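One-letter residues, chain by chain:
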Amino acid sequence: MPIASPEIYNEMLDRAKAGKFAYPAINVTSTQTLHAALRGFAEAESDGIVQISTGGAEFLGGQYSKEMVTGAVGLAEFAHVVAEKYPVNIALHTDHCPKDKLDGYVRPLLKISQERVANGQNPLFQSHMWDGSAETLDDNLRIARELLAEAVKANIILEVEITPTGGEEDGVTHEINDKLYTTVDDALRTAEAIGLGDKGRYLLAASFGNVHGVYKPGNVVLRPDLLRDLQDGVAAKYGKQDPFFFVFHGGSGSTEEEIRTALENGVVKMNLDTDTQYAFTRPIADHMFRNYDGVLKVDGEVGDKKTYDPRSWGKLAEKGMSERVTQACANLRSTGTKLK
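Residues numbered from 1 in each chain as written. Predicted model: local features only at pLDDT ≥ 70, side-chain atom pairs only at ≥ 80, totals over all residues. Heavy atoms only, no water.

(A) Structural context of the nonpolar core. Within the largest apolar cluster, 82 residues are counted, with the highest numbers of intra-cluster contacts made by Phe41 and Tyr105. For this core, the leading source of residues is helix α4 (residues 68-82), giving eight residues. Setting aside residues no more than four positions away along its own chain, Tyr105 makes contact with Ile52, Ser53, Thr54, Ala57, Met68, Val69, Ala72, Thr94, Asp95 and Cys97. Counting residues in each nonpolar core, the second largest holds 17 residues, with Leu13, Ala16, Ile49 and Ala205 among its members. (Core = buried A, V, L, I, M, F, W, Y, C linked by side-chain atoms within 4.5 Å. Buried < 20%, exposed > 50% of the residue type's maximum accessible area, 1.4 Å probe, protein only. Helix = DSSP H or I, 4+ residues; strand = E, 2+ residues; numbered from the N terminus. Contact = heavy atoms within 4.5 Å.)

Below, the structure written as structure tokens:
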């Protein structure tokens, strides 16, 4: 199937919320990790989301120029071609973009999609993320209003992070402390500033103790029940039941119960990066250790071309990552839910 149209993406999100499941949003940094994500979704018979962070886009832009927009556009155009060979719907998304990178990343990408839509095409990406968690909430929401208006012109959904996720991702760092919990007042101010869909559709990355990185279960205090308080607090004022479509950031090491509670309370998208990075790299490390004499020309020998051919270990890496994506679909209840 082709990359999801705006209409299909909206339907995907609506079905996820109604069915209390979520789509894994898989960070990719290459055509190979893109294929791994697509394969994982296809094998799970789940639609899904593929996303590119600022750091991922810079890497994709090549180490000569490290140009984020070039990297993001290049992979998106490639995805529009190869996704047609996979029997699932895939939405393209850009991950965390802080204030100092908006002019070099999200704003130019919005303009590209606006031009495409003006020419009768679908947007290049289906959603973009504005990470204003390092700003005051007033400044965060002011910029969110501006970006949401631009996103509407491109038939694009905006993702907004209103309070911090702990840890570090692509240079955005937040301490692990009590500020990692969104309040009902934060949610009410968000609804007042950017509406509840009437000013444009958005996804909300609220914080309930989330932390980026690798943590064993129990090391991070997640409170996904907090999302119910946010839903009910805003519903009480605006009369709209469960108004938010939530995003789960920093989910590595989450327990099944924590994920299940988050799904019941309106999470429709959960980001995966750390776990899929490891799932991709682990088979490569295994291959290198098992074939040490072949991948290296040890002591003047010639090695074994079949073992250092990137295709030999690349296929293993793709399989490892695709299996982790399939597992994520099962954890998030999206397995077998693809749109026909």
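(B) Region of interest: the environment of Leu263. Structurally, Leu263 is set in helix α9 (residues 256-264). Here the alpha-carbon distance between Leu263 and Thr29, two residues 234 residues apart in the chain, equals 27 Å. Leaving out residues up to four positions away in the same chain, Leu263 has contacts with Lys20, Phe21, Ala22, Asn331, Leu332 and Arg333.

(C) Local environment of the pairing of strand β4 (residues 127-131). The buried count for β4 comes to five of five residues, which makes it a mostly enclosed element. As paired elements, strand β3 (residues 90-94) and β4 share two bridges and run parallel to each other. Its bridge partner lying in β4, Thr94 is registered against His128. In terms of handedness, the path from β3 via helix α5 (residues 106-118) over to β4 forms a crossover that is right-handed. Note that β4 and strand β5 (residues 157-161) share five bridges and pair parallel. For Met129, the partnering residue across the bridge sits in β5 and is Glu159. Handedness of the β-α-β unit built from β4, helix α6 (residues 137-153) and β5 comes out right-handed. (Pairing = 2+ DSSP bridges. Right-handed = clockwise from strand over helix to strand, strands pointing away.)

(D) Molecular detail of the layout of surface pockets. Reported here for the second largest pocket is a volume of approximately 180 Å³. Lining of the second largest pocket is provided by Asn27, Val28, Thr29, Ser30, Thr33, Phe59, Asp273, Thr276, Gln277, Phe280, Thr281 and Met321. Tallying contributions element by element places helix α10 (residues 274-290) first for the lining of the second largest pocket, with four residues. (1 Å grid on protein atoms, 1.4 Å probe; cavity = no way out; pocket = protein on both sides within 12 Å on 5 of 7 lines; lining within 4 Å. Points joined across faces, edges and corners; volume = space filled by probe spheres on them.)

(E) Structural view of the pairing of strand β1 (residues 23-27). The buried fraction of β1 is high, at five of five residues. The two faces of β1 match: Tyr23, Ala25 and Asn27 on one face and Pro24 and Ile26 on the other face are all buried. One ladder, built from four bridges, connects β1 with strand β10 (residues 267-272); its direction is parallel. Residue pairing across strands places Tyr23 opposite Lys269, the latter belonging to β10. Note: β1 against strand β2 (residues 48-52), three bridges, orientation parallel. Bridging across to β2, Asn27 finds its partner in Gln51.

(F) Quick look at the environment of Arg311. Tracing the chain through its elements places Arg311 in helix α13 (residues 310-331). The exposure class of Arg311 is exposed, given its relative accessible area of 58%. Sequence spacing of Arg311 and Lys297 is 14 residues, and the spatial spacing of their C-alpha atoms is 18 Å.

(G) The side chain of Asn140, seen in detail. Examined against the element boundaries, Asn140 turns out to sit in helix α6. A polar atom in the side chain of Asn140 sits 2.9 Å from the side chain of Trp130. If sequence neighbours within four positions are ignored, Asn140 has contacts with Trp130, Gly132, Ser133, Glu135, Val160, Glu161 and Ile162. (Polar contact = N/O pair within 3.5 Å; in protein donor to acceptor, adjacent residues only side chain to side chain.)

(H) Molecular detail of the confidence of the model for the chain. The predicted model of the chain averages 93 in pLDDT, with 92% of residues at 70 or higher. Predicted confidence for residues 172-177 stays below pLDDT 50, and this span has 16 contacts to residues more than four positions away or in other chains. (pLDDT = per-residue confidence, 0-100.)

(I) Layout of the packing of helix α2 (residues 31-44) against α13. Contact pair α2 / α13: the axes reach a minimum separation of 7 Å and the direction vectors enclose 45°. Our classification of the angle between α2 and α13 gives oblique. Judged by the sense of rotation from one axis to the other, the crossing of α2 with α13 is right-handed. In contact with Gln32, Thr33, His35, Ala36, Ala37, Arg39, Gly40, Phe41, Glu43 and Ala44 of α2, α13 contributes Gly314, Lys315, Glu318, Lys319, Met321, Ser322, Val325, Thr326 and Cys329. (Axes fitted to C-alpha atoms, helices over the stretch in contact; angles between N-to-C directions. Parallel < 35°, antiparallel > 145°, perpendicular 65-115°, else oblique. Left-handed = near helix turned anticlockwise from the far one by under 90°.)

(J) Fine view of the side chain of His80. With respect to the helices and strands, His80 occurs in helix α4. Side-chain polar atoms of His80 contact the backbone oxygen of Leu124, separated by 3.0 Å. Contacts of His80, omitting those with residues within four sequence positions, involve Ile3, Leu92, Arg116, Pro123 and Leu124.

(K) Geometry of the pattern of salt bridges. Taken as a whole, this structure holds 18 salt bridges when the rule is applied. For Glu146, the salt bridge goes to Arg107, with nearest N and O atoms at 2.7 Å. Placement of Glu146 in helix α6 and of Arg107 in helix α5 is noted, with a sequence separation of 39 residues between them. According to the relative accessible area criterion, Arg107 is partly exposed, its value standing at 26%. (Salt bridge = Lys/Arg side-chain N within 4 Å of Asp/Glu carboxyl O.)

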